[in-house]
Amino acid sequence: AFITVTMATGALDAGIGRLTHRYRNQGTVLIVILMAVFSLGGTTYGMAEETLGFYALIVPIFVALGYDRIVGAVVIMLGAGIGTLASTVNPFATGVASAGADIELGNGIVLRAIMYVVLTVVTILYVLRYANKVKKDPSKSLAAPVPEDEQLQADEAEPPPMDGRQKLVIWIFMLTFALMIFSVIPWADFNENWDTFTLGWYFPELAALFLVAAIIIGLIGRLGEEGMVNAIVSGMGDFMGAALIIAVARGVTVIMNNAGITDTVLHSLEGVATSVSGPLFGVVMFIVNIPLAFLVPSSSGHATLAMPIMAPLADFAGVSRAIVVTAYQSASGWVNLFTPTSAIVMGGLTLAKVGYDRYLRFVWPLLVILFVIVCAFLAFGSVSSLGGSLS
C-alpha cells in the first residue's frame, strides 16, 4: 500500500527514470552496491521479511536497464540471503543459537566473518555473470517475459528533472525504509550501552509505520482523500497473492511440527552426528541440519529446536560448540535460498513475477558452489582455533 501510494504521486516513476538513466551504462556497479548493502543487512540482523517491500522498487530498475526480472529479484533475495547464511552477529540466528549452545555471541566470529566476505563475493560474481550474459543476449534469459517489461525498456531518453514535491516524496520514502531497518535491529545485543537505540519494533509497528508514511506521502503528493484510499486498497490487493502463498508455505511447517515429523527427523539426525569427529564433524553437522532447515524455515525456531541437542555433541568430538552454531546457520541460510516452504522465497518471486521453476534453474549451480565452500570452511574450522575464536 505504501509503495502504491508513492507510485500514484508519480515521484517513484520519476526517481526510477532518473536512476536508470544515470546508471544506464553502470548496471554492474548498481548490482554490486545493492547486493553488498542487502548482505550487510542479512549478516547483522537477518534481513528477510523486510526485503519484500523492495521488489516493487528494484525489479523495474533492472528491467529498465536491460536485464531481466531474475536479476532484479536475486539482487535482493540472494543479497540478503547470503548475508544471513554467513551471519556474523545476527541476533535472530547466531544470537539465539549461541544462547542455546551456551556460548558467547563472539565465539567463532572470525571464521564467520571470513565466510561472509568469501561467500558474498562469490554470489555477486555469479549474479554478475548471468546479468551480463542476459544484457548482451536477451534470448539467454531464464525469466518469462512480462508485458510491461517492453515499456520499461523502451524509453532511453533522459527523463525531465524532478520537482521539489517529488524530491520530498522520495526523501520520505527512503527515510521510511531507513527507520524500518533501524527499528528492528536489537542494538543492545551488540553493545549494552546502545540499549537506548533499541526500539524493538516488529510487524505490528512496521505496519503502522508504512500506513502513516503512506498517508503523509499522499498528502504531499496531493492525491486527495479518494485517490489516497484507492491507492492504499489497490496496493493491498496487489499483495494478496503473495500473502496467500506465504500462508500456505508456513502451513506446511506447522503441519510437520504438529504431526511430530520434525521431532522424528531430529532424533534420527542426532544419531548420525554422534559417530564423527575432527574435520568431518563440522561438515556432518552442516549436512544433518539441512533437512531440519527445510522443515523449520524460521532461523530462530530452528536454533531453538536443534541447539540444545546438537551443541553438546561438539564436546564429545573435541570441537568448539561455535562450529555447531556456524554449521546450523549455514544450513538454515543455504536451504532458505531455495526452499518452497520459505515465505521469503515464494513471496519475493511472486512479487518479482518470476516462476519458481525458472528461479531454480538459475540458482542450482550457485547452491552447489556454496555447499562446497561452506563444507570446506567448516572442515577447516573444526580443526582450527578460528572455529571458536573471539573477535
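Calculation criteria
- Residues numbered from 1 in each chain as written.
- Predicted model: local features only at pLDDT ≥ 70, side-chain atom pairs only at ≥ 80, totals over all residues.
- Heavy atoms only, no water.
- Helix = DSSP H or I, 4+ residues; strand = E, 2+ residues; numbered from the N terminus.
- Buried < 20%, exposed > 50% of the residue type's maximum accessible area, 1.4 Å probe, protein only.
- Contact = heavy atoms within 4.5 Å.
- Areas by Shrake-Rupley, 256 points an atom, 1.4 Å probe, with all protein chains shown as cover.
- Expected span 1.5 Å × (residues − 1).
- Bend = angle between axes of the 7 residues up to and from the residue.
- Polar contact = N/O pair within 3.5 Å; in protein donor to acceptor, adjacent residues only side chain to side chain.
- Salt bridge = Lys/Arg side-chain N within 4 Å of Asp/Glu carboxyl O.
- Patch = residues over 30% accessible without salt bridge, like charges linked within 9 Å, V, L, I, M, F, W, Y side chains within 5 Å.
- Axes fitted to C-alpha atoms, helices over the stretch in contact; angles between N-to-C directions.
- Left-handed = near helix turned anticlockwise from the far one by under 90°.
- pLDDT = per-residue confidence, 0-100.
- Core = buried A, V, L, I, M, F, W, Y, C linked by side-chain atoms within 4.5 Å.
- Nonpolar A, V, L, I, M, F, W, Y, C, P; charged D, E, K, R; others polar.

1. Quick look at the overall build of the chain
Along the chain, the regular secondary structure elements total 18 helices and zero strands. Going through the 391 residues of the chain one by one, you find that 51% of them count as buried. When contacts within the chain are restricted to residue pairs at least 6 apart in sequence, long-range pairs at least 24 apart make up 79% of them. For the chain, the exposed area adds up to about 17,300 Å²; of that, 66% sits on carbon and sulfur atoms.

2. Re helix H5 (residues 69–85)
Working note: α-helix, 3.6 residues per turn, so residues spaced by three or four point in the same direction. In this model, H5 (17 residues) spans 23 Å end to end at C-alpha, consistent with the 24 Å of a helix rising 1.5 Å per residue. Remark: the principal bend of H5, roughly 25°, maps to Val75. Extensive coverage of H5 is indicated by the burial of 17 of its 17 residues. The N-cap residue of H5 is Asp68: its side-chain oxygen and the backbone nitrogen of Ile70 are 3.3 Å apart.

3. Some details on the pattern of salt bridges
Overall, the coordinates contain one salt bridge when judged by the stated rule. Of the charged contacts in the structure, one is a salt bridge between Asp315 and Arg321, with a shortest N-O distance of 2.6 Å. A relative accessible area of 44% means that Asp315 is categorised as partly exposed.

4. Things to note about the environment of Phe286
The residue Phe286 is located in helix H14 (residues 279–295) in this model. Residue classification places Phe286 among the buried residues on the basis of a relative accessible area of 0%. Residues Phe286 and Cys375 lie 89 residues apart in sequence; the distance between their C-alpha atoms is 7.5 Å.

5. What about a nonpolar patch on the surface?
On the surface, a cluster of nonpolar side chains totalling about 240 Å² of accessible area is made up of Val29, Ile33 and Val37. Along the chain, the position of Val29 falls in helix H3 (residues 27–45). Taking the relative accessible area as the measure of exposure, Val29 reaches 37% and is therefore partly exposed.

6. Focus on the environment of Ile255
The residue Ile255 is located in helix H12 (residues 240–258) in this model. Here the alpha-carbon distance between Ile255 and Leu295, two residues 40 residues apart in the chain, equals 9.8 Å.

7. Re the packing of H3 against H5
Packing of H3 against H5 leaves a shortest axis separation of 6 Å and a crossing angle of 35°. Helix-helix and strand crossings are classified by hand; for H3 and H5 the assignment is right-handed. Here Ile31, Leu34, Met35, Phe38, Ser39, Gly42 and Thr43 of H3 come into contact with H5, specifically with Val71, Val74, Val75, Ile76, Leu78, Gly79, Ala80, Ile82, Gly83 and Thr84.

8. A short note on unusual backbone geometry
One non-glycine residue, Arg222, lies in positive phi territory at about 55°. Checked against the element boundaries, Arg222 lands in the loop between helix H10 (203–220) and helix H11 (224–238). For Arg222, a relative accessible area of 65% gives the class exposed. Phi at Lys353 takes a positive value of approximately 60°, unusual for a residue other than glycine. For Lys353, the position within the fold is in the loop between helix H17 (343–352) and helix H18 (356–382).

9. Here's the deal with the confidence of the model for the chain
The predicted model of the chain averages 84 in pLDDT, with 88% of residues at 70 or higher. Ranking the elements of the chain by mean pLDDT puts helix H8 (residues 147–154) last with 66 and H18 first with 96.

10. Notes on the nonpolar core
In summary, soluble globular proteins display a tendency toward joint burial of nonpolar side chains. Ile31, Leu78, Phe281 and Phe362 are the most contacted members of the largest nonpolar core, which has 118 residues in total. At twelve residues, the largest contribution of residues to this core is made by H18. Setting aside anything within four residues of it in sequence, one finds Leu78 in contact with Met35, Thr123, Val127, Leu337, Tyr359, Phe362, Val363 and Leu366.

11. Considering the packing of helix H15 (residues 299–317) against helix H16 (residues 321–335)
In the contact formed by H15 and H16, the axes pass within 9 Å of each other and the chain directions differ by 145°. As H15 runs across H16, the sense of the crossing is right-handed. Contacts from Ser299, Ser300, His302, Ala303, Met307, Met310, Ala311, Pro312, Ala314 and Asp315 in H15 reach Arg321, Val324, Val325, Tyr328 and Ser332 in H16. Considered class by class, the residues forming the contact of H15 with H16 number nine nonpolar, four polar and two charged.

12. Structural notes on the side chain of Ser87
For Ser87, the position within the fold is in the loop between H5 and helix H6 (91–101). Side-chain polar atoms of Ser87 contact the backbone oxygen of Thr84, separated by 2.5 Å. Once residues within four sequence positions are removed from consideration, Ser87 is found in contact with Gly42, Thr43, Ala93, Thr94, Arg112 and Gln329.

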